[in-house]
Amino acid sequence: MKARVRLRLSAHDAHYGGNLVDGARVLGLFGDVATELCVRSDGDEGLFRAYDAIEFLAPVYAGDFLEVEGEIVAWGATSRKMRFTARKIGRALSDSAAEMLPEPIEVVRASGTCVVPRGKQRIARPPVILTAAIVGAETTRAQTPHLPLLPDQIGEEARRCREAGAAVIHLHAREPDGTPTQSRERFAQFIDAIRARTDVIVQTSTGGAVGMGIAERCQPLELHPEMATLNIATMNFGDDVFENRRGDVDTVAGWIRERGIVAEIECYDLGHLDAARALVAKGLLASPLHFQFVLGVPGGVGATPRALEAMIAELGHGFPAETTWAVAAVGRHQLPMAEVAMRLGGHVRVGLEDNIYVDKGVLAKGSWELVERAAAFARAAGRPIATPARARQLLGLPERSG
Ligand code: KMH
Ligand code: ZN
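Everything numeric in this text was worked out from a predicted model, so none of it was measured. (Residues numbered from 1 in each chain as written. Chains lettered and ligands numbered in written order. Predicted model: local features only at pLDDT ≥ 70, side-chain atom pairs only at ≥ 80, totals over all residues. Heavy atoms only, no water.)

**Focus: the overall build of the protein**
Okay, step 1: Looking only at helices and strands, one finds 10 helices and 21 strands in the protein.
Okay, step 2: Structurally, the protein occupies a C-alpha span of about 80 × 45 × 40 Å along its principal axes.
Okay, step 3: For the protein, the proportion of its 402 residues judged to be buried stands at 50%.
Okay, step 4: Contacts spanning at least 24 positions in sequence make up 71% of the contacts within the protein whose residues lie at least 6 apart. (Helix = DSSP H or I, 4+ residues; strand = E, 2+ residues; numbered from the N terminus. Buried < 20%, exposed > 50% of the residue type's maximum accessible area, 1.4 Å probe, protein only. Contact = heavy atoms within 4.5 Å.)

This is the structure in structure tokens:
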């Protein structure tokens, strides 16, 4: 969420010799922008609690035109962390001459926190969609005895995840001995077991396991699931190569689209957003778009807030405004990055596919335990947890009866 003011500083604003404007004047403008952000986010003016950084980068003079921008970059239950920048976009010359600058000059940069007490929050925070990735293709029973493999185990795991707050189940299939499979029949059994117990959205994988062919991977699409993943580029995947050739990606996107299935676009790196942009341009992806930022796969982008912010920033260029995004971080990054995503306004995926530990050295007793943890983060960030029905609305899926 952003807010912006543009204004011209007058002779009244000059405080020091040589027509120099004091830095406090610009901080006052940051305060105005912060107030607008609080009004937009919470329907309340809020209170500015503290700056944690302020940098004065270039002098400001009477006669300068400033553009001041602020953005909420993280949300707590009552805190709104903000980033500000003031840029000089024009200036007075001599006599009545003036010019607009060909390139803005950044004059002040800051970050700080505003607080809106709970009782004054008049606008509800957006709900968070929790996805549980309960099976995967790589996690093994040798790593964790809690991995579900049989239809009844899958159905029970999905039910427990739903109880813990999950609205979506990201689904892979396995043979009873744990071998990954994309068999249509196996998926049908798993989906039936889930449907018999709960109303979650089932999102089938078209990624399968590394080494599988595209046709093999796409068998679950024949079952017309509500959602399916779309993997967007070839990459190293640990010691393996996860092959997603451009022509194949186009084909899979076309199959998903022609069946009316909602795609979840899996992006493991910054450049994958460019690949997605190209698919939008070709008409192979339709709005509303939903992205999964998979962070921390060896071969993809690292699981850091910095990387995530760069990926979110890409969504502001050439993608529809209603685009949604989620984070699935792998291994020990799963829960910390889930919390970051929640505070940045995103959705979250957790589960044994990506991480088997709930605490350092403590195995999660199931994906549901990781969902419980993610749900607690959501509550701490003041975000309601989307039911499957609400998630269907947010993701542009038709309502489902029964
Ligand atoms: N098993 C990974 C190689 C997806 O589900 O679409 C790919 C994967 C992605 O899990
Ligand atoms: Zn997967």
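Moving on from the coordinates now.
**Thoughts on the coordination of the zinc ion (ligand 2)**
Okay, step 1: All of the protein donors around the zinc ion (ligand 2) are His-170 (NE2), His-172 (NE2) and Glu-353 (OE); their distances to the metal are 2.1 Å.
Okay, step 2: The motif formed by the donor residues of the zinc ion (ligand 2), counted along the single chain, is H-x1-H-x180-E. One end of the pair, His-172, is in the loop between strand E9 (166-171) and strand E10 (173-174); the other, Glu-353, is in the loop between strand E19 (347-350) and strand E20 (357-359), and 181 residues separate them in sequence. (Donors = N, O, S within 2.8 Å, 3.2 Å for Na, K, Ca; no water.)

**Topic: the environment of Ala-50**
Okay, step 1: Along the polypeptide, Ala-50 turns up in strand E4 (residues 47-56).
Okay, step 2: Residue classification places Ala-50 among the partly exposed residues on the basis of a relative accessible area of 37%.
Okay, step 3: With 64 residues separating them along the chain, Ala-50 and Cys-114 place their C-alpha atoms 7.3 Å apart.
Okay, step 4: If sequence neighbours within four positions are ignored, Ala-50 has contacts with Gly-112 and Thr-113.

**Digging into the site of ligand 1**
Okay, step 1: Around ligand 1 there are 14 residues in total, and Glu-138, Ser-205, Gly-208, Thr-229 and Asn-231 lie nearest to it.
Okay, step 2: In the environment of ligand 1, an oxygen atom lies 2.7 Å from a nitrogen or oxygen atom belonging to the side chain of Ser-205.
Okay, step 3: Contact distances for ligand 1 include 2.8 Å between an oxygen atom and a side-chain N or O atom of Asn-231.
Okay, step 4: Given that more than half its atoms are within 2 Å of the pocket grid, ligand 1 belongs to the second largest pocket.
Okay, step 5: Tallied by class, the residues present in the shell around ligand 1 amount to five nonpolar, seven polar and two charged. (Near = heavy atom within 4 Å. Polar contact = N/O pair within 3.5 Å; in protein donor to acceptor, adjacent residues only side chain to side chain. 1 Å grid on protein atoms, 1.4 Å probe; cavity = no way out; pocket = protein on both sides within 12 Å on 5 of 7 lines; lining within 4 Å. Sits in = over half its atoms within 2 Å of the grid points. Nonpolar A, V, L, I, M, F, W, Y, C, P; charged D, E, K, R; others polar.)

**Notes on the environment of Ala-3**
Okay, step 1: Take Ala-3: it is sitting in strand E1 (residues 2-8).
Okay, step 2: In the structure, Ala-3 is positioned 377 residues away from Ala-380 in sequence and 25 Å away in space, judged by C-alpha atoms.
Okay, step 3: For Ala-3, the contacting residues outside a window of four places in its chain are Val-33, Glu-36, Leu-37, Val-68, Glu-69 and Gly-70.

**Brief notes about the layout of surface pockets**
Okay, step 1: The computed volume of the largest pocket comes to approximately 1,100 Å³.
Okay, step 2: Taken together, 32 residues make up the lining of the largest pocket; nearest its centre are Met-1, Glu-71, Ile-312, Trp-325 and Leu-344.
Okay, step 3: Among the elements of the structure, helix H1 (23-42), strand E5 (65-75), helix H7 (305-315) and strand E18 (324-329) are those that each provide at least two residues to the lining of the largest pocket.
Okay, step 4: Counted as a void, the second largest pocket has a volume near 650 Å³.
Okay, step 5: Surrounding the second largest pocket, 33 residues form its lining, Glu-138, Phe-237, Val-330, Glu-353 and Asp-354 being those nearest its centre.
Okay, step 6: Going through the elements one at a time, strand E13 (227-231) and strand E15 (240-242) are the ones with two or more residues in the lining of the second largest pocket.
Okay, step 7: Split into classes, the residues belonging to the lining of the second largest pocket amount to 12 nonpolar, 14 polar and seven charged. (Points joined across faces, edges and corners; volume = space filled by probe spheres on them.)

**Some points on helix H6 (residues 271-281)**
Okay, step 1: Every buried residue belonging to H6 is among His-272, Leu-273, Ala-276 and Leu-279, and all of these are buried. Looking down the long axis of H6, one finds its buried residues gathered within 110° of arc, a one-sided arrangement.
Okay, step 2: Of the surrounding elements, those touching the buried residues of H6 are E13, strand E14 (235-237), helix H5 (246-258), strand E16 (262-267), strand E17 (290-295) and H7.
Okay, step 3: One or two steps after H6, the chain reaches Gly-283, where phi turns positive at roughly 80°. (Arc of directions from axis to C-beta.)

**With respect to the packing of H6 against H7**
Okay, step 1: Packing of H6 against H7 brings their axes to within 10 Å, and their N-to-C directions diverge by 20°. By the angle between their axes, H6 is roughly parallel relative to H7. Here H6 and H7 pass one another in a crossing that is right-handed. Contacts between H6 and H7 involve Leu-273, Asp-274 and Arg-277 on the former and, on the latter, Met-311, Glu-314 and Leu-315.
Okay, step 2: Per-class residue counts for the contact of H6 with H7 are three nonpolar, no polar and three charged. (Axes fitted to C-alpha atoms, helices over the stretch in contact; angles between N-to-C directions. Parallel < 35°, antiparallel > 145°, perpendicular 65-115°, else oblique. Left-handed = near helix turned anticlockwise from the far one by under 90°.)

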